[in-house]
Amino acid sequence: MIIGVNAISFLRLLLLCMIGAICAAFGYRSIIQQHLTFRGHHQRALAFSAVANIMTPPHSGETILSMSEVEDIGIAANDGKSSAEMKTIARLVSTTQSSFEQCGQRLRDGKLVSFPTETVYGLGCHALDQSAVQKVFDAKERPLSDPLIVHVTKSEDALELWDASTSMSRSEISNQAQQQEIEKKALHVLTEAFFPGPLTLVARAHPSIPQILMANTGFVACRSPSHPIARALISAAKVPIAAPSANKFGHVSPTLAEHVMDDLGQEDVWIIDPTLNAAEGTKEQEGHSPVCQVGVESTVAKVEMSDEQNKGSITILRHGAISSSSIREALAKNGLSDYFEVSDSVRFTSKKVSNVAPGQTIKHYSPNVPCFMVDASRQCQQNELSQEEKAILAQSVIIDYGKRLSGYQQHVLAYRDLSVEGDASMAASSVFETLRWSERIQGANRVFVPDIILANNEDALDLAVKDKLTRAASAVIVNTFA
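Residues numbered from 1 in each chain as written. Predicted model: local features only at pLDDT ≥ 70, side-chain atom pairs only at ≥ 80, totals over all residues. Heavy atoms only, no water.

**Some details on the sheet that holds strand β19 (residues 414-417)**
Right, on to step 1. Pairing in this open sheet of five strands is parallel, and the strands run β19-β18-β20-β17-β21 from one edge to the other. Among the strands making up the open sheet, the edge pair consists of β19 and β21 (477-478).
Right, on to step 2. The pairing of strand β18 (residues 396-400) with strand β20 (residues 446-450) spans three bridges and is parallel. Residue pairing in the sheet places I398 in a bridge with F448 of β20.
Right, on to step 3. Along the sheet face, helix α12 (residues 424-439) touches β18, β19 and β20 and points at about 170° away from the line of β18. (Pairing = 2+ DSSP bridges. Helix = DSSP H or I, 4+ residues; strand = E, 2+ residues; numbered from the N terminus. Contact = heavy atoms within 4.5 Å. Axes fitted to C-alpha atoms, helices over the stretch in contact; angles between N-to-C directions.)

**Quick notes on the pairing of strand β11 (residues 219-223)**
Right, on to step 1. The buried count for β11 comes to five of five residues, which makes it a mostly enclosed element.
Right, on to step 2. Here β11 shows a buried face lined by F219, A221 and R223 and a second buried face lined by V220 and C222.
Right, on to step 3. For strand β9 (residues 149-151) and β11, the ladder comprises three bridges, and the chain directions are parallel. Its bridge partner being in β11, I149 is matched across the sheet by A221. (Buried < 20%, exposed > 50% of the residue type's maximum accessible area, 1.4 Å probe, protein only.)

**Some remarks on unusual backbone geometry**
Right, on to step 1. That bond from F195 to P196 is cis: its omega, -10°, falls within 30 degrees of zero.
Right, on to step 2. Among the structural elements, P196 can be located in the loop between α6 (174-194) and β10 (199-204).
Right, on to step 3. With phi around 55°, A215 is a residue other than glycine that occupies positive phi space.
Right, on to step 4. Looking at the secondary structure, you find A215 in the loop between β10 and β11.

**Quick look at the packing of helix α3 (residues 97-108) against helix α7 (residues 228-237)**
Right, on to step 1. Interaxial distance between α3 and α7 falls to 8 Å at its minimum, and their mutual angle equals 60°. Considering the angle they form, α3 stands oblique to α7. Every pair of crossing elements has a handedness; the one defined by α3 and α7 is right-handed. The residues of α7 that touch α3, namely those facing F100, C103, G104, L107 and R108, are I229, A232, L233, A236 and A237.
Right, on to step 2. Split into classes, the residues belonging to the contact of α3 with α7 amount to eight nonpolar, one polar and one charged. (Parallel < 35°, antiparallel > 145°, perpendicular 65-115°, else oblique. Left-handed = near helix turned anticlockwise from the far one by under 90°. Nonpolar A, V, L, I, M, F, W, Y, C, P; charged D, E, K, R; others polar.)

Function cannot be inferred from these measures alone, as they are strictly geometric.
Below, the structure written as structure tokens:
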């Protein structure tokens, strides 16, 4: 009898071991182990409740950590802590003069500082320090194929970064010298017209510029921010600052210090937060604003001379607040219209492609919930919803623009319109915050945005809003919610 019981126990144990081996072979893990799943680029941890006898497969592209591995990196899963409660390395600092001085020294020492601009928050480093630049790529988990923008305060500082400002020797042919002089004049005209402000200019780089800044393309991007905090930081640093948006690569760009902390809280970065001043009992410096007023990244324009004698092109590579028509007007006022053709050439590339300017990848500004554009044929609820579509919308969020998808508002978990009136400035200033808001909606499985059809005469910010929503959805358009 005893032998029989032991035999049965042994068989049960053997059977459990076999089941465990099969599950392991197929990558299954028990929820009872309370594994943490780190989803995508911004590492939001999801701690599962302990439920016996339930098996869950890891999702594709996710990293599964056991409890021992979790403890090794300082994350406790047993109390269901979120990513916001993980070990924080980043530090918030105020906008006092002392803070600027310390941040400036930190940048000169090759470390990272995040700061607000009129467009979005940037993650700054010493632009001419290659190891410091590498830290930015590492912190953002950004591919080296996506170049950085250099930030300066004065037009003459920007001109020094570009090859057109290099003095040519007498031995060089006169045609090349003439072309260089025309390009230099164009860069001078555009920097005088739009610096400081939300325009980034891309031109062939001076030989001294580190290749890591430029994705090895030979072209460097530069702008002069107008936000007083950004300008004060550059002045305190006494060096040009390279700064992409301060978020994990591909995620929604940040417009508040808390957004930066959400994405980069586990990185060695100081984050300038103007709202800290009131809490510290100090007066906020006049003119400083905690808000990124424009709300979307700068327009990016590439200036380049062609092989044709004294002819060049200015190409819009990323839509922002400055329009191509504004650039044409600036050229015309300075007698350069006959030398340059201004055109748009916004690209949608994979992250493996080396670009001369940032913001070109097809998946960009994406929330951590699958996002889709709704085709114009399904806007304004022209078709009756199927039961399957209603069920999906009941677990979805809609981000609208100009009431295009308002007919579906009653069916969704949450709804927000960037601007009911279709005001591009209002929409641009809130698009990134709204995309981040969609991530926080409990139970949301999908985000739907309208495919925005624009006329040729739409303004620059309309184009920018369309571009951000298109990349947030990876340019995927659907004509059904199912």
